[in-house]
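Understanding the architecture of this molecule
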There are 2 protein chains.
Amino acid sequence: MDTQLKQALEVYQQSCRRQKAFQLAFYLESWDAETEAPAVSCEARAGAVETLSEMSYELATDPALKQAVKTLYEGRKELSPTLRHEIERQHKEIAKLERVPQEEYVKFAGLMARAYPKYVEAKRNDDWSAFEPILTEIVAYLRRYVVWRDGDKHGYDILLDEFEPGYGMAEYDRFFDLLRQKLVPLVKKIAEKGNADLWKPTGEYKVDKQKDFCENYIRKVMCFDPKETVIKESEHPFTSGFGRLDVRITNHYYPQDPASAIFSAIHEMGHGMYERQCDPALDDTMSGGGASMAMHESQSRLFENMVGRSYGFWQKHYPKLQRTFRKELGEVSLEDWYRYVNKAELSLIRTEADELTYPLHIMVRYELEKALFDGSLEVKDLPAAWRAKYKKYLGVDVPGDREGVLQDVHWAGGSFGYFPTYALGSAYAAQMVHAMKEDLDWDQAVSASTLKGVASWLKKKVHRYGASKEPKDILYLATGEGFNPDYYVEYLLDKYSKLYGIER
Amino acid sequence: MDTQLKQALEVYQQSCRRQKAFQLAFYLESWDAETEAPAVSCEARAGAVETLSEMSYELATDPALKQAVKTLYEGRKELSPTLRHEIERQHKEIAKLERVPQEEYVKFAGLMARAYPKYVEAKRNDDWSAFEPILTEIVAYLRRYVVWRDGDKHGYDILLDEFEPGYGMAEYDRFFDLLRQKLVPLVKKIAEKGNADLWKPTGEYKVDKQKDFCENYIRKVMCFDPKETVIKESEHPFTSGFGRLDVRITNHYYPQDPASAIFSAIHEMGHGMYERQCDPALDDTMSGGGASMAMHESQSRLFENMVGRSYGFWQKHYPKLQRTFRKELGEVSLEDWYRYVNKAELSLIRTEADELTYPLHIMVRYELEKALFDGSLEVKDLPAAWRAKYKKYLGVDVPGDREGVLQDVHWAGGSFGYFPTYALGSAYAAQMVHAMKEDLDWDQAVSASTLKGVASWLKKKVHRYGASKEPKDILYLATGEGFNPDYYVEYLLDKYSKLYGIER
């Protein structure tokens, strides 16, 4: 490595250390805001968050850094593969940031800090009008943003690519078309059959007991050390953290439903496991953590659905759940519970949707976001458009915006283009499970006392790479082929036609 | 205001905004580390904390800022009194920071991040040897630090002045001499009398019930809105926050002792009230929050001791406590409880010490710190010196370092010169109560259902000023005279000679 390259590397690494320090500050601020900060304090700290963003922006757009990345990018053949990939990503990021005026970037960060409490309040009071003005500001910003980024491209393509590199409307349209064509007929048949004969929970499932089952028992099954994992409650479950050694999870409990929190816990711990099993060698680089949104979601959904909703999993763990809720579940058979947690139905709430209809919830959001960015829809018309699509695709009437357009936190965080990765993640997961079955006894692995077998395979094939490679490359290395949604569709068709006794 | 001054003000205010943003990051990091962060993550985040300090240091020592403060300092007659006071303090701070080499400042911040978990572990295991090496590093740094600051001054004077401006060994020696002369004879007489005839708690006081009493009932008495205050648990109770609108308190519960957590809660809420009642006009300045360490401590101790340990207070609130612990306290009289919470005895633990002997605990620490900085004591000899002084002044044998030199967190945080402000704070408090009695019916105020009366007087006379004036000036405005420790000594002599039936 020549002197010029070495000097550039030094500048680059100094900047990374500082960006990581800001990341710690941002992470702690949002974790705190969403789990325990007094609501009255949000407005006051918004200014400080804005200022942190301003400093972080200055750092990211510092001419010396830009020059260093340019130098490293030109000499990238001499860098290690991990560093090379990092520099390629940084090069792209810098180009992106450069196009956004600093004062707009800073304003947006402040907007985000104010939007979350407004959203929470609006949802609590089922009051769309309290959220509409700030969401209008957010969308207006993003519409300007995509033009700054690349005036020639279709705006939504730019946002989609930010959450999953290499995927735009062309790819997602194809993907959702396939799902629509293959799944919609099955979903219709199941809806006609109905679930009248299935067991349903009644009475109250004490939150304390649910908590104990999730935080102690499920945590052990998922191979999480209690000393190393923080679990709290928040409006909407999420995973957060700072590197491999600080993984945090939130959950939300519903006394009428014993299953919701369990699957949320498994889901979030799936995300957490991905972070924890990253190669420690990547700790001090910018290549730790997940490779992309869909890759992250593939891990949570693999555990939540393919493992957590399998018959083998509950064969092993249902007796413990019965002991936890002796009065409520003592007389309920394993079969009944298995059918209950795999019930498919036309529903209102994405996070409570079943595995089969879930992608339809995503499709609604995908179509709405697409329309917001091709100009055919305005924010003020979102609630009505939401209702219309839920009626059309899911056959349900939305009783209030709390169960409709206000149900998800994502848009309040400025995340447009994020939702589609959820559906893509499930497809990645199915493809990985297909490959995993060639290396291990899947039925045995999911019904063991802990999920160590599945976790080890994923560590070796997926997790250890962190973000040091493109998601497409990791998928190829792990499964031996490029992205192929057929496994996902086949998995769903097979599972649900059997569950509901429907001929394919 | 001329253009030059205006420009300087702009530079200064931009810098303040950024320092406040770093303050948010530091506050959230330490709050998180001390209440819930996984222990394994501390080492990993120490690097990020170090980097944040590095950036904060660069900001504080930026030549443009220094020039701006100099310009403002020279033109300070044209500034508002609040801003003028701020600039005078900043001018002093800049002079201070300038003398510390940046790499040392940064190293120290990293040292601090590593010291806390080491201290917690050492205390948990009663293992001084696990803490000694890092404390040696801390003291070595501070010994170098005081030379950088001012090689001509006695090192400990510099540290004392940082925690309470205007107070050095001359002032503290006089103050402790007075306490020693007046209180030690009384303490000896009380120790001879003993507490054999006093009621003592037995059995277990359920932590859940203690928590409920502190977090719900006492919180209301102290006029804290549950929606606006976060209360958690930590090794050692403390108050933290970010401005008026984000006040947080921690507590620590002992099942064998129903009083400890109650007085910790009142104490910490006393600190919190000071922050909350600051003039909102100071929110966006660097003059919010408490004026000094001793001023802050005066507020916590005024509520903990002068209000919380008064007969009138328990006349009002003891029935509620009895209802909370019906089995344990139902048959215990108000008199017995009052005597119990005002028991004076020779004790080991500062935070559990009674109001009368408390200053002797401080005196031990004051003498040890003084010796560490005049070179007559080394860190390795601290445990033995600690034991000797506790034997001499408090007549007790220290059974282990956990109950001795490891009992307080302060030194692990690099805070030398901090302890003496605790004793000074009590003296400020007694002087304020003396003045308050001329404006309101004290007996009625402390026995009302909430402490609104006391809180309002303090808001008007002390809290609203925040840090916009020197502590000495606030004390003068509030009480009509300069610092006078006689009120404190008189208060203690009167209260405890009556309690123990000792002639004065």
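Residues numbered from 1 in each chain as written. Chains lettered and ligands numbered in written order. Predicted model: local features only at pLDDT ≥ 70, side-chain atom pairs only at ≥ 80, totals over all residues. Heavy atoms only, no water.

**Considerations on helix α20 (residues 471-479) of chain A**
Residue and element names in this part refer to chain A. Turning to α20, its buried residues number three or more, namely Pro471, Ile474, Leu475, Ala478 and Thr479. The arc enclosing the buried residues of α20, seen along the axis, measures out at 110°, which places them on a common side. At its buried positions, α20 is contacted by α11 (293-307), α17 (419-439) and α19 (452-461). Following α20 by one or two positions, glycine 480 has its phi on the positive side, about 80°. (Buried < 20%, exposed > 50% of the residue type's maximum accessible area, 1.4 Å probe, protein only. Helix = DSSP H or I, 4+ residues; strand = E, 2+ residues; numbered from the N terminus. Arc of directions from axis to C-beta. Contact = heavy atoms within 4.5 Å.)

**Some points on the interface of chain A and chain B**
In this complex, chain A contributes 34 residues to the contact, which on the side of chain B involves 34 residues. Each partner contributes to the roughly 2900 Å² buried at the junction of chain A and chain B, and carbon and sulfur atoms together form 62% of this total. The interface formed by chain A and chain B contains 14 salt bridges. Inspection of the chain A/chain B interface yields 14 residue pairs in polar contact (both at pLDDT 80 or more). (Buried area = accessible area lost by both parts, 1.4 Å probe. Salt bridge = Lys/Arg side-chain N within 4 Å of Asp/Glu carboxyl O. Polar contact = N/O pair within 3.5 Å; in protein donor to acceptor, adjacent residues only side chain to side chain.)

**What to know about the nonpolar core**
Core analysis: the biggest nonpolar cluster contains 139 residues, and Leu302(B), Trp337(B) and Phe416(B) have the highest contact counts within it. For this core, the element with the highest residue contribution is helix α17 (residues 419-439) of chain B, accounting for twelve residues. There are two domains that each give this core at least three residues, and those are domain 1 (3-150) and domain 2 (170-499) of chain B. What Phe416(B) contacts, discounting residues up to four positions off in sequence, is Leu135(B), Ile138(B), Val139(B), Leu142(B), Leu159(B), Phe163(B), Glu369(B), Leu372(B), Phe373(B) and Trp411(B). Residues Phe176(A), Ile262(A), Ala412(A) and Ala478(A) belong to the second largest nonpolar core, which totals 138 residues. (Core = buried A, V, L, I, M, F, W, Y, C linked by side-chain atoms within 4.5 Å. Domains from an automatic or database assignment.)

**A short note on the side chain of Thr324(A)**
Residues and elements named next belong to chain A. Looking at the secondary structure, you find threonine 324 in helix α12 (residues 311-324). The class for threonine 324 is buried, based on a relative accessible area of 12%. A distance of 2.9 Å separates the side chain of threonine 324 from the backbone oxygen of lysine 320, its partner in a polar contact.

**Description of the domain arrangement of chain A**
Where the parts come together, the accessible area they lose is often given as the size of the interface. All names here are of chain A. Here the domain parsing of chain A yields domain 1 (3-150) and domain 2 (170-499). The contact between domain 1 and domain 2 buries some 3500 Å² in all, and 63% of this surface belongs to carbon and sulfur atoms. Across the contact surface, domain 1 and domain 2 share three salt bridges. Among the salt bridges present, the one from lysine 123 reaches glutamate 235, with a minimum N-O distance of 3.9 Å. On inspection of domain 1 and its partner domain 2, the count reaches 22 residue pairs in polar contact (both at pLDDT 80 or more). At the level of elements, α1 (3-35), α4 (81-98), α5 (102-124) and α6 (128-150) are the ones that each hand at least two residues to the side of domain 1 that touches domain 2. Among the elements that make up the side of domain 1 that touches domain 2, the one with the highest residue count is α1 (ten residues). Along the lines of polarity and charge, the residues of the side of domain 1 that touches domain 2 split into 18 nonpolar, seven polar and eleven charged. (Nonpolar A, V, L, I, M, F, W, Y, C, P; charged D, E, K, R; others polar.)

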